[in-house]
Amino acid sequence: MAIGKLIVVCQSGGKFTTNADGTLSYSGGDAHATSLAVDTKFDDFKSEIADMWKYNLDSFTVKYLLPNNKRTLITISTDRDIHRFLEFHEDSASADVYVLTPSPPAPSDATSMPCSRSSHTMPNVSVSPVDAPTDFVADAPMDWLPDAEDSEKQKAPRISSWKSSITGVGQTFNTRRELHEALDKFSLAHGFQYTIKTSDGRRFSARCKAEGCPWFLVAPKLSTTKLFRIKKMNDTHTCGVGSIRASASRKLIASIVKEKLGDTPICKPQEIIDDIRRDFGIELSYAQAYWGIAAALEEVQGSHREAYNQLPLLCEKILETNPGSAAILNTKEDLSFQRIFVAFHASIYGFQNGCRPLLFLDCTSLKSKYGGELFTATALDGNDGIFLVAFAIVDVLSDDNWHWFLQQLKTVLSTHNGIAFVADTKKEMSESLGSVFPNCFHGYCLHQLTESLKKKFKGSLTLEVVRVLISEFHRAAYAPTTEGFKKCIETIKNISPEAYEWVLQTEPEHWSNAFFKGTRYNHLKSVAESFCDLVSDLPAMPITQVIETIRRKMMEFIYTRKMDSDQWSSRLTPSAEENLQRSLVDSRSLEVLLSPGTSCFKVRDTLDILNVVSLENWECSCREWQINGLPCLHAAAAIEHVGKDVYDYCNRYFTTEAFKITYSESINPIPFLDGCGQRESSEVLVHPPCITRPVGRPKERKHALKSKQAVKRKLQCSKCKMLGHNKRKCKQSA
């Protein structure tokens with residue numbers, strides 16, 4: 001590589017093929033050359049590539065093959081990825097990158113595969129067909145989605161079709177409600193208001209609301225049927241039809257929302273207000289839009305109250321369709337809902353056979369009519385992807401509910417010794433974990449500790465000093481050795497003795513790599529929050545739909561990641577492979593010495609520090625190998641020095657084989673919620689939980705506080721017109 005720069009050949013338009021030995025070859029397409037420097041930003045690099053082929057910035061990804069591994073494509077998506085790319089190719093004069101765009105959709109008789117959701121997307125090589133879940137729909141490739149202009153041409157205003165919702169005498173409707181909705185749309189499209197004269201089980205009649213206007217409609221019910229047919233109708237208006245401002249009923253708004261929910265599951269009141277204003281010229285209040293959405297959601301999803309009554313039957317169906325799963329429901333003495341625990345067999349099997357013994361406990365509030373909290377126990381697969389093991393929905397956030405959740409979790413895990421839990425720092429959580437899992441390790445979440453540090457010293461220290469403290473606090477947490485930890489702590493002590501005392505009181509043995517007795521694989525922050533974010537973004541829905549949504553998301557993860565892993569040819573997962581290759585690159589400049597009379601090696605690093613490596617015990621004095629589960633640069637140097645395979649010294653949880661075992665079992669659909677069966681009520685009645693209003697004034701949301709601060713204005717004196725004081729305190733009036 002030239003001083004500070006690397007020549008990069010960008011290739012696009014070709015295709016990858018898999019050779020007999022599993023390596024990848026790229027052929028065809030077009031190529032352009034550019035250069036990368038250490039200070040090159042990813043956004044600038046991607047913009048330059050977009051200019052080469054006139055691509056949209058969001059329509060392609062940039063990937064490359066590692067120098068010593070032609071089997072795995074690595075993604076470049078951040079500035080840090082560019083730095084790694086330059087490090088991997090520091091001994092090369094040039095390097096290739098591949099600009100990949102989504103492929104066109106396959107023919108109807110071909111096996112369709114969903115787009116990968118992994119950060120390490122593989123090329124479009126041939127793979128064995130895999131049966132997709134019956135209720136999983138693959139995402140369409142980006143290049144074949146209709147653009148905005150075509151979409152607008154295809155989406156004709158709904159109001160034009162509503163003009164013919166009432167055609168005249170002889171038109172038949174299945175129900176009276178259907179006739180009523182058609183008349184709502186008809187009057188709205190033509191711009192007039194009507195009054196219902198008769199509406200019962202035998203006859204429906206309406207006339208124009210304007211005085212003296214002859215328009216009317218009569219539709220009796222056909223005998224022995226539920227059909228209503230228009231028998232008489234005067235389609236003439238004398239009221240100036242079209243000039244009257246029509247209004248939309250709640251039922252009509254609900255029907256509009258119901259149509260919209262097919263395309264956009266999450267629909268906000270302001271969006272409905274804007275849509276109806278644009279399409280029909282009608283102004284709705286926020287309350288009208290809100291209740292219209294509520295009516296539509298209840299019609300589509302079912303009643304929130306009735307959903308609790310269906311939970312016993314839902315538990316039966318989960319156990320019936322997914323043998324080996326757990327579904328436990330608890331109610332209070334008054335039969336009101338208290339909590340439900342769910343763990344699918346596929347998740348239990350995947351965690352115990354393919355995942356690291358590491359679980360992240362977290363909770364989030366549900367957007368529901370009756371409230372509720374979602375508890376989750378989340379693991380990590382070999383590619384550092386989130387893997388939900390079990391979850392529970394409880395009525396309130398309490399220590400008793402957490403203890404119950406841990407008890408149910410223990411019953412579904414056949415082996416639970418040595419599990420490291422990353423959970424809340426509360427004393428009650430530590431006590432529950434210690435009593436339910438006596439041989440486990442409780443790790444504190446670094447993010448929660450950081451927020452506590454900010455809150456503790458807010459106001460007493462400047463913002464800049466707090467930032468420095470947080471930086472040193474994180475360095476202390478990630479420091480692998482006690483020496484590194486003490487060095488960072490001493491820095492904190494020199495900045496603020498109070499902060500130093502606070503750090504020591506937070507029990508470093510629960511959050512620092514240097515003192516933690518279990519194995520957290522360098523994951524000091526909770527990853528469960530990312531899954532909770534998926535749930536918290538969902539709209540308010542019945543509890544049965546919440547469970548079904550989680551099941552579908554888990555099933556989607558299993559299917560897409562199983563498809564991804566079928567294309568991997570390396571022994572390790574892409575993220576582990578990338579970390580290992582980084583260690584191999586960094587180990588090239590190290591000196592390896594054999595300790596006399598032992599099986600250990602002494603490795604001298606670039607700082608002239610000797611690190612002792614024991615290949616027999618898989619240990620290094622830097623402790624990176626023990627913490628991460630992958631050979632550090634010192635271990636990699638020693639392994640290559642003796643001519644052994646570095647892959648034989650990697651933790652099995654990072655292998656592609658373990659990843660495939662994690663996702664080897666499937667989660668089956670539940671007919672009870674999948675539309676395959678009727679929504680029958682269970683025999684045992686379960687009532688919704690009682691909602692109690694919190695004591696005191698409701699807390700204001702952050703955005704509301706910000707808006708109040710934004711409109712705050714300075715005082716202006718009415719005498720001198722100066723800012724900062726009022727008339728009473730004006731000095732000129734003295």
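Our structure is the block above this text.
Quick caveat, the model's predicted, so the values are computed rather than measured.

Comments concerning the overall build of the protein chain
Counting its regular elements, the protein chain contains 25 helices and 24 strands. Residues classed as buried in the protein chain amount to 46% of the 734 residues present. Partitioning the contacts of the protein chain with sequence separation of at least 6, the portion at a separation of at least 24 is 64%. Counting every atom, the protein chain has about 38600 Å² of accessible surface; 50% of that belongs to carbon and sulfur.

Side note on the sheet that holds strand 18 (residues 386-394)
Pairing is mixed in the open sheet, where seven strands are placed in the order 14-15-18-17-16-19-20. The open sheet terminates on both sides in strands that have one partner only, identified here as strand 14 (326-331) and strand 20 (441-444). Ignoring which end each strand starts from, the neighbouring axes of this sheet average 20° apart. In terms of strand pairing, strand 19 (residues 420-423) meets strand 20 through four bridges, oriented parallel. When the sheet's bridge partners are listed, Phe421 is paired in strand 20 with His442. Relative to strand 18, helix 11 (residues 345-354) is tilted by about 135°, and along the sheet it contacts strand 15 (337-343), strand 16 (358-365), strand 17 (373-380) and strand 18.

Quick look at the pattern of salt bridges
Taken as a whole, this structure holds 18 salt bridges when the rule is applied. Residues Glu181 and Arg177 are paired through a salt bridge, measuring 3.4 Å at the closest nitrogen-oxygen approach. Taken as a pair, Glu181 and Arg177 lie in helix 5 (residues 176-190) at a separation of four residues, close to a single helical turn.

Some words on unusual backbone geometry
The residue Asp608 is not glycine, and still its phi comes out positive at about 65°. Locating Asp608 in the fold gives a position in the loop between strand 22 (600-604) and strand 23 (610-614). The backbone of Arg623 sits at a positive phi, close to 70°, despite the residue not being glycine. When you line up the elements, Arg623 lands in the loop between strand 24 (619-620) and helix 21 (624-628).

A few points about the sheet that holds strand 24
Across the sheet, which stays open at both edges, the four strands sit in the order 21-22-23-24 with antiparallel pairing between neighbours. The sheet terminates laterally at strand 21 (591-594) and strand 24, the two strands that pair on one side only. The sheet contact formed by strand 23 and strand 24 spans two bridges and is antiparallel. Bridge assignment links Ser614 to a residue of strand 24, and that residue is Glu619. In this fold helix 22 (residues 633-641) packs onto strand 21, strand 22, strand 23 and strand 24, with an angle of close to 120° to the strand it touches most, strand 22.

Describing the packing of aromatic side chains
One pass over the structure, following the stated rule, counts 29 aromatic pairs. Where Trp53 meets Tyr55, the ring centres are 6.0 Å apart and the plane angle is 15°; that geometry is what we call stacked. When its relative accessible area of 24% is taken as the criterion, Tyr55 is described as partly exposed. Note on Trp568 and Phe659: the rings are 4.7 Å apart at their centroids and 50° apart in plane angle, and the pair reads as tilted. Highlighted residues: Trp568 in the loop between helix 19 (543-565) and helix 20 (574-586) and Phe659 in helix 23 (residues 656-662), separated in sequence by 91 residues. The pair formed by Trp568 and Phe659 is uniform in burial state, with each residue classed as buried. Taken together, Phe341, Phe375, Trp402, Trp404 and Phe405 form an aromatic cluster joined through their ring pairs. In this structure, Arg520 is placed above the aromatic ring of Phe516, and the distance from its NZ or CZ to the ring centre is 5.4 Å.

Examining a nonpolar patch on the surface
A contiguous nonpolar patch, built from Tyr286, Tyr290 and Trp291 and spanning about 370 Å² of accessible area, is present on the exposed surface. Looking at the secondary structure, you find Tyr286 in helix 8 (residues 286-301).

As for the packing of helix 14 (residues 446-457) against helix 15 (residues 463-478)
Across the interface, helix 14 lies against helix 15 with an axial gap of 11 Å and an inter-helix angle of 150°. Here helix 14 lies roughly antiparallel to helix 15, going by the angle between them. Crossing of helix 14 over helix 15 shows right-handed handedness. Counted together, Leu446, Leu449, Thr450, Leu453, Lys454 and Phe457 of helix 14 and Val466, Leu469, Ile470, Phe473, His474, Ala477 and Tyr478 of helix 15 form the full contact between these two elements.

Remarks on the pairing of strand 3 (residues 24-27)
On a regular strand, one side chain projects to one face of the sheet and the next to the other, so that they alternate. What you see with strand 3 is a clean split: Leu24 and Tyr26 sit on the buried side and Ser25 and Ser27 on the side with no burial. The pairing of strand 2 (residues 15-18) with strand 3 spans four bridges and is antiparallel. Looking at the pairing, Lys15 lines up with Ser27 of strand 3.

Let's talk about the side chain of Lys63
Counting through the fold element by element, Lys63 comes out in strand 5 (residues 61-66). Despite being buried, Lys63 has no salt bridge partner; Asp81 is the closest side chain of opposite charge, sitting 9.4 Å away. In terms of polar contacts, Lys63 uses its side chain to reach the side chain of Thr75, at 2.6 Å.

Here's the deal with the environment of Lys231
Mapped onto the fold, Lys231 is located in the loop between strand 12 (228-229) and strand 13 (232-234). Linking Lys231 and Val218, residues 13 residues apart in sequence, is a C-alpha distance of 5.8 Å. Excluding residues within four positions of it along the chain, Lys231 makes contact with Val169, Val218, Ala219 and Pro220.

Procedures and definitions
Residues numbered from 1 in each chain as written. Predicted model: local features only at pLDDT ≥ 70, side-chain atom pairs only at ≥ 80, totals over all residues. Heavy atoms only, no water. Helix = DSSP H or I, 4+ residues; strand = E, 2+ residues; numbered from the N terminus. Buried < 20%, exposed > 50% of the residue type's maximum accessible area, 1.4 Å probe, protein only. Contact = heavy atoms within 4.5 Å. Areas by Shrake-Rupley, 256 points an atom, 1.4 Å probe, with all protein chains shown as cover. Pairing = 2+ DSSP bridges. Axes fitted to C-alpha atoms, helices over the stretch in contact; angles between N-to-C directions. Salt bridge = Lys/Arg side-chain N within 4 Å of Asp/Glu carboxyl O. Phe/Tyr/Trp six-rings, centres within 6.5 Å; stacked < 30°, edge-to-face > 60°. Lys NZ or Arg CZ within 6 Å of the ring centre and 35° of its normal. Patch = residues over 30% accessible without salt bridge, like charges linked within 9 Å, V, L, I, M, F, W, Y side chains within 5 Å. Parallel < 35°, antiparallel > 145°, perpendicular 65-115°, else oblique. Left-handed = near helix turned anticlockwise from the far one by under 90°. Lys, Arg positive; Asp, Glu negative; His and termini not counted. Polar contact = N/O pair within 3.5 Å; in protein donor to acceptor, adjacent residues only side chain to side chain.

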